[in-house]
Protein chains: 2
Amino acid sequence: MFLIQTLDLICGINMKSSYYISEYKMPLKDYFIFGLSIDCVVFGYHEGEIKVLLVQRDAEPFKGHWALIGDLVDPEQNLLDAANNVLEKLTGLKNIYMKQFFTFGSVDRHPLGRVVTVGYFSLVNSIDHHPIASSWAKSAEWFNINHLPELAFDHQSILTKGIETLKNDVRHKPTGFELLPDKFTLLELQLLYEALLGYKFDKSNFRKKILEMNILKPLNEVKENVSHRPAKLFRFDEKRYRILEQNGFSFEL
Amino acid sequence: MFLIQTLDLICGINMKSSYYISEYKMPLKDYFIFGLSIDCVVFGYHEGEIKVLLVQRDAEPFKGHWALIGDLVDPEQNLLDAANNVLEKLTGLKNIYMKQFFTFGSVDRHPLGRVVTVGYFSLVNSIDHHPIASSWAKSAEWFNINHLPELAFDHQSILTKGIETLKNDVRHKPTGFELLPDKFTLLELQLLYEALLGYKFDKSNFRKKILEMNILKPLNEVKENVSHRPAKLFRFDEKRYRILEQNGFSFEL
DNA sequence: AATACTTAAAGTAAAAAATACTATAAGTAT
DNA sequence: ATACTTATAGTATTTTTTACTTTAAGTATT
């Protein structure tokens, strides 16, 4: 499948300029020296705060610094598969919401050579799972996105861009639901959106607005073990949302 | 700067697992065989239609098919520089609005090997400039985005994603201005947005809305050579927009 | 020079939506 | 039984959006 070994041969029969515009400065195979990695911004939500999962490096360079979870991509692996693998290895979680948000490719960003990294973010509701078992990281921790430590490599800019993308998505798509447990109350939803957007909603109006959208499926259950009137539980109705979306509905809060 | 030649040496002294999580299946250097390319979706606007610039391939594979403009990235070149180069080589245009929108990395997407491509889109107002001079393309043409020919490689999906991103951006950011000449009338702006969004605005209300945003600078000039009352010309005031944006203003049409 | 025609630009009333606030219901804890 | 907490429904006011009307300012024609 990979023809790189025969590239020079191909070039020999004048394929050099047949694929692309450039007059190449060097043999075609010298263009095939990029490394590709995934860096994953894992968001969680706990007690009114948006968190991000970081691991502490136990090896040089940047020993002791915190970093995003990431890994080199195997040349036979698709990007999204690689991203899912990275997350699964660290947290054991599968089938998590994942979204590619930006690709970082500064020439100098990595000491090993020209490593281009694709940034993904994922939204996780079970903030407890993070069994760390890695040869290069000694611990993993959730950090409030407003109180971050110093990060390794260019992970600060990756994280910043990831946060920016999340905050932007949240305003126009029902993104946040992935951060809540499957069943949630309207107040829990409101508090999440307040944390994400950074401002308060009027309780009554928030309820009205979100219910009128018709994207929540009411369950015949109520919150248990609360010392006050228990609230009804809802579930996000993704199917319905997709239908509404196709008919021109747009989610706005 | 590039340490790839010495990677195996490094691996020899047990750096293998110090950067990343994985226990690698093969020598580290075998991960550095990716090619990286840029594919650029060039949007234009002419007589009420949104257009995209395509070139026709004059070489196998996909000879005769239309394709996005693109090229391999030089290992010593930053991504955005590479994207700007691609555009400049084909159109001669510099300092064009460019935005990275998605990275495509299917294992099988390219016959030369594992080539990951970063998708950019650009917005161009001078739809006339496209002096084609290339060894692999015989012509360049603007296509209405609703009437596209069959495309080479996976360019159909890249283009689709690019169009989707543009249409999405347009609703929440003042993106479209780059498609108009520097000075424009309110009706011209309205017609552009109608083409981009696919529905009509009430003229009077559109004017009111956009002027109240305070992101247009009125000029002391009017449209010339028209056979009716000439409209005032405006210019997009990007500086002002940035300030408003930081204060929480969000562009919505 | 008067008239017709086209588009610009301003204004206005009705409808809809967002907002702020009030009242009541349904549960737990003491 | 009473106090307390949160859920849930409702309503009146303000603001925004929408649909429509009127007037102004230019060109082209007769």
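Residues numbered from 1 in each chain as written. Chains lettered and ligands numbered in written order. Predicted model: local features only at pLDDT ≥ 70, side-chain atom pairs only at ≥ 80, totals over all residues. Heavy atoms only, no water.

1. With respect to the overall build of chain A
Working step 1: Broken down by element type, chain A carries six helices and nine strands.
Working step 2: Relative to its full complement of 253 residues, chain A shows a buried share of 52%.
Working step 3: Within chain A, contacts between residues separated by at least 24 positions form 65% of all contacts whose residues are at least 6 apart in sequence.
Working step 4: A total accessible area of about 12300 Å² is found for chain A, and carbon and sulfur atoms account for 48% of it. (Helix = DSSP H or I, 4+ residues; strand = E, 2+ residues; numbered from the N terminus. Buried < 20%, exposed > 50% of the residue type's maximum accessible area, 1.4 Å probe, protein only. Contact = heavy atoms within 4.5 Å. Areas by Shrake-Rupley, 256 points an atom, 1.4 Å probe, with all protein chains shown as cover.)

2. Details of the pairing of strand S1 (residues 35–46) of chain A
Residues and elements named next belong to chain A.
Working step 1: Summarising burial for S1: eleven of the twelve residues are buried, a large majority.
Working step 2: Here nine bridges tie S1 to strand S6 (residues 115–123), and the two strands are oriented parallel to one another. What sits directly across from serine 37, in S6, is threonine 117.
Working step 3: Judged from the four bridges that link them, S1 and strand S4 (residues 69–72) form a sheet pairing that is antiparallel. By the bridge assignment for S4, isoleucine 38 is matched with aspartate 71.
Working step 4: When S1 meets strand S2 (residues 49–57), the two strands line up antiparallel, connected through four bridges. Across the sheet, histidine 46 pairs through a bridge with glutamate 49, a residue of S2.
Working step 5: What sits between S1 and S2 in their antiparallel hairpin is a turn of two residues, with glutamate 47 showing a positive phi close to 50°. (Pairing = 2+ DSSP bridges.)

3. Looking at unusual backbone geometry
Residues and elements named next belong to chain B.
Working step 1: Positive phi, close to 55°, is recorded for asparagine 95, a residue that is not glycine.
Working step 2: Relative to the helices and strands, asparagine 95 is located in the loop between helix H2 (79–91) and strand S5 (97–104).
Working step 3: The exposure class of asparagine 95 is exposed, given its relative accessible area of 77%.
Working step 4: At phenylalanine 153, a position not held by glycine, the phi torsion is positive, near 45°.
Working step 5: By secondary structure assignment, the location of phenylalanine 153 is in the loop between strand S7 (137–144) and helix H3 (155–172).
Working step 6: Judged by its relative accessible area of 17%, phenylalanine 153 is buried.

4. Brief notes about the protein's contact with DNA strand D
Working step 1: In the region of DNA strand D, 18 residues are neighbours, and Lys203(A), Ser204(A), Lys208(A), Asn205(B) and Arg229(B) sit closest.
Working step 2: The sugar-phosphate share of atoms of DNA strand D within 4 Å of the protein amounts to 57%.
Working step 3: One nitrogen or oxygen atom from the side chain of Lys203(A) is found 2.7 Å from a phosphate oxygen belonging to DNA strand D.
Working step 4: The separation between a base nitrogen of DNA strand D and a polar side-chain atom of Asn205(B) is 2.8 Å.
Working step 5: Elements with a minimum of two residues in the surface near DNA strand D: helix H5 (203–212) of chain A together with helix H5 (203–212) of chain B.
Working step 6: Looking at the surface near DNA strand D, the element that brings in the most residues is H5(A), giving four residues.
Working step 7: Of the residues that constitute the surface near DNA strand D, the class distribution is four nonpolar, six polar and eight charged. (Near = heavy atom within 4 Å. Polar contact = N/O pair within 3.5 Å; in protein donor to acceptor, adjacent residues only side chain to side chain. Nonpolar A, V, L, I, M, F, W, Y, C, P; charged D, E, K, R; others polar.)

5. A short note on the pattern of salt bridges
Working step 1: This structure, assessed with the given rule, holds 25 salt bridges over all chains.
Working step 2: Close ionic contact of Asp154(A) with Arg109(A) constitutes a salt bridge, the shortest N to O distance being 2.7 Å. Here Arg109(A) lies in the loop between strand S5 (97–104) and S6 and Asp154(A) lies in the loop between strand S7 (137–144) and helix H3 (155–172), a separation of 45 residues in the sequence.
Working step 3: Look at Arg109(A) and you get buried, because its relative accessible area is 8%.
Working step 4: Measuring nitrogen to oxygen at the nearest pair gives 3.4 Å for the salt bridge that ties Arg242(B) to Glu245(B). Here Arg242(B) and its partner Glu245(B) are both found in helix H6 (residues 238–246), three residues apart, which amounts to about one turn of the helix. (Salt bridge = Lys/Arg side-chain N within 4 Å of Asp/Glu carboxyl O.)

6. Focus: the protein's contact with DNA strand C
Working step 1: Neighbouring DNA strand C are 18 residues, the closest being Asn205(A), Arg229(A), Lys203(B), Ser204(B) and Lys208(B).
Working step 2: The separation between a base oxygen of DNA strand C and a polar side-chain atom of Ser204(B) is 2.6 Å.
Working step 3: In this structure, a phosphate oxygen belonging to DNA strand C sits 3.1 Å away from a side-chain N or O atom of Arg207(B).
Working step 4: Residue assignment for the surface near DNA strand C shows that the elements contributing at least two residues are H5 of chain A together with H5 of chain B.
Working step 5: With four residues, H5(B) is the largest single contributor of residues to the surface near DNA strand C.

Functional significance is not addressed by these values, which are geometric in nature.
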